Amino acid sequence: MTEGSLDAPVRHPLAWDDPDFTDPDKIDAELRRVFDICHGCRRCFNLCDSFPRLFDLIDESESGELDSVESKDFKPVVDACTLCDLCFMTKCPYVPPHEFDLDFPHLMLRYRYAEFKKQGAAFADRQLTETDRNGRLAGMMPGLANWANREGNSLTRPLLEKTLDVHHEAALPKFHGRTFKARAAAAPPQVNREAPAFGRKAVLYATCFANYNNPSIGTATQAVLARNGVETRVEYPRCCGMPHLEQGDIERVAEHAREVSRALVPLVDEGYHIVALVPSCALMLKFEWPLILPEDENIKKLSAATRDVTEYVVEIAKNEGLADGLKPLDGKVALHLACHARAQNMGAKAAEMLRLIPDAKLDVIERCSGHGGSWGVKKEFFDIALKVGKPVARQAKKAEPTYLSSECPLAGMHIVQGMERLGDGPAPVQESRHPIELFAMAYGLA
Ligand code: SF4
Ligand code: SF4
């Protein structure tokens, strides 16, 4: 038996349609097998709140071993997992092909799926995961929605906390009346026919976040790619389903995957790359969907054609070369590498991309922000999310950046909030930008 595998980690397809997958005894046996290995290893003690909860359970049990921990006490360990994938991607020596065959996040997902099958999702979770419906509704009255969501609104935030379990102090994303898709249709950018990469074609998969909450990620991407000769079109059949995955609703994710891939694959056949604007969504298209629907040919084709936006720009830089015109930014960037970008196993592409800017000054932060999608805004987890993200907030503040940047827009907001709460003076910046927005600034396109 070896201490860790020398081969690259692989992930098994999720056997969610096999009755064993939701069998409570089989899940319990697998939890005990994996938790016992973790108990002997403990490398992940400081990655998130799941592992400290597990190790405390074991250490405070009668025998100090897993055998005296009751299975009902495993639920808080599962609940604290944000599915960030960091333990699997960055720490664990026992992931497949190692014989221990350990995939901690996917075991947490299996537990949640079994729970979801048994009792469905809570009312609040059902509302929070409907990102397309929420985006459309809030987009009809963005002023009102943003007023109601504003931290410190003593009228609406306690109500939101009561009805939707959203912590009254958690920063929430803003909504826009004009989606990214609508903006792109109204003002398509002029493609630079002199650029070395002219001839490339990319579909920008808008993602719910860029479409409804932060269209400037999309417009910045379009502008950068047009400057580089890339013809783009914006498509948004539906959300990638990541919020449903977090709830363990794998069937719903499969439904989204089938619909989105059916819409995008004809464009792949026409020679388009698919560029996802948010790393969690890129992770879904590239890796999670093929594990959920391993036999689906559309999904396989879409996965192979998908690029994270930073990955796509670096690919152009390496293959054809970038268009001229990048100028230094007026200051230093604290760059947080999002967990779901790291989980794509593509290298630190956001850092690579920003280093293409002349004289780039970067302070790279490689820890989890603690946000974890809708998990980190919930009443039950908001304080834990801040605690998990404290080292990131501290590093970001210490860097005294001119710009804070994260590929994950929710992580960015959470880091700003974390910096504000460190208790050693105000945060140096009030907002986070996606690295592609900084790249657009360096081109003078912001
Ligand atoms: S996936 Fe992330 S949150 Fe879940 S156990 Fe691993 S490190 Fe912790
Ligand atoms: S997930 Fe892997 S690295 Fe982390 S504690 Fe468990 S066995 Fe150790």
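For the structure given in this document, a descriptive report is provided here. Every chain is numbered on its own, with residues counted from 1 as its sequence reads. Labels follow written order: the first chain is A, the first ligand is 1, and so on. Where totals are concerned, whole chains, interfaces and linings use all residues; where local detail is concerned, this predicted model gives features only for residues with pLDDT of at least 70, and gives and counts side-chain atom pairs only at 80 or more. Excluded from the side-chain calculation are hydrogens and water; included are all heavy atoms of the structure.

## As for the overall build of the protein chain
In plain terms, the rule: A run of H or I in DSSP counts as a helix once it spans at least four residues, and a run of E counts as a strand once it spans at least two, with each numbered from the N terminus. What the globule rule says is 2.2 Å times the number of residues to the power 0.38, and the radius of gyration is computed from C-alpha atoms. We call a residue buried when its accessible area falls under 20% of the maximum for its residue type, exposed when it is over 50%, and partly exposed in between, using a 1.4 Å probe and counting protein chains only. Every accessible area reported is derived by Shrake-Rupley at a probe size of 1.4 Å, with residue values counting cover from the shown protein chains alone. When charges are tallied, Lys and Arg are placed among the positive residues and Asp and Glu among the negative ones, while His and the ends of the chain are skipped. Lys charges are placed at NZ, Arg charges at CZ, Asp charges at CG and Glu charges at CD.
When its secondary structure is counted, the protein chain shows 23 helices and eight strands. Here the C-alpha radius of gyration of the protein chain, 22 Å, is about what a compact globule of 446 residues would show, namely 22 Å. C-alpha atoms of the protein chain, sized along the principal axes, occupy 70 × 50 × 40 Å. In the protein chain, which comprises 446 residues, the proportion classed as buried is 57%. A total of about 19200 Å² of accessible surface is found on the protein chain, and carbon and sulfur atoms cover 51% of it. Between the centroid of the 54 positive side chains of the protein chain and the centroid of its 64 negative side chains there is a distance of 6 Å.

## Observations regarding the nonpolar core
Rule in force here: Throughout, nonpolar core names a set of buried Ala, Val, Leu, Ile, Met, Phe, Trp, Tyr and Cys residues whose side chains join them through atoms within 4.5 Å.
Membership of the largest hydrophobic core comes to 118 residues, with the highest contact counts inside it found for Phe35, Phe104, Tyr205, Trp289 and Phe439. Looking at this core, the element that brings in the most residues is helix α14 (residues 250-269), giving nine residues. One finds Ala334, Ile415, Val416 and Met419 within the second-largest nonpolar core, a separate group that totals 13 residues.

## A short note on the site of ligand 1
Put simply, the rule reads: Think of it this way: one heavy atom of a residue within 4 Å of a molecule or strand is enough to make that residue near it. Think of it as three bins: nonpolar holds Ala, Val, Leu, Ile, Met, Phe, Trp, Tyr, Cys and Pro, charged holds Asp, Glu, Lys and Arg, and polar takes everything else, Gly as well.
The environment of ligand 1 is made up of Leu47, Cys48, Ser50, Phe51, Cys81, Thr82, Leu83, Cys84, Asp85, Cys87, Phe104 and Pro105. Elements supplying a minimum of two residues to the shell around ligand 1: α2 (50-59) and α5 (104-119). Partitioned by chemical class, the residues of the shell around ligand 1 number nine nonpolar, two polar and one charged.

## Some remarks on the packing of helix α21 (residues 390-398) against helix α22 (residues 409-420)
Using the following cut-off: Think of each axis as a best-fit line through the C-alpha atoms, taken over the contacting stretch in the case of a helix, with angles from 0 to 180 degrees between the N-to-C directions. When describing relative orientation, an angle under 35 degrees is termed roughly parallel and one over 145 degrees roughly antiparallel, while 65 to 115 degrees is termed roughly perpendicular and anything else oblique. Two residues form a contact once any of their heavy atoms are found within 4.5 Å.
Where α21 contacts α22, the axes come no closer than 8 Å and their chain directions differ by 80°. If you check the angle between α21 and α22, you find them roughly perpendicular. In contact with Val392, Ala393, Ala396 and Lys397 of α21, α22 contributes Ile415, Gly418 and Met419. Partitioned by chemical class, the residues of the contact of α21 with α22 number five nonpolar, one polar and one charged.

## Section: the pattern of salt bridges
As a reminder, the rule being used: Whenever Lys or Arg places a side-chain nitrogen within 4 Å of a carboxyl oxygen from Asp or Glu, that contact is recorded as a salt bridge.
Under the counting rule described, the total for this entry stands at 30 salt bridges. Between Asp49 and Lys387 there is a salt bridge whose closest N-O contact spans 3.2 Å. Here Lys387 lies in helix α20 (residues 382-388) and Asp49 lies in the loop between α1 (24-41) and α2, a separation of 338 residues in the sequence. Among the ionic pairs, Glu259 bridges to Arg238, the shortest N-O distance being 2.8 Å. With a gap of 21 residues between them, Glu259 in helix α14 and Arg238 in the loop between β2 (231-235) and α13 (242-247) connect regions that are remote in the sequence. Judged by its relative accessible area of 30%, Glu259 falls in the partly exposed class. A cluster of three or more residues bridged by salt bridges with shared partners is formed by Arg11, Asp85, Asp103 and Glu288.

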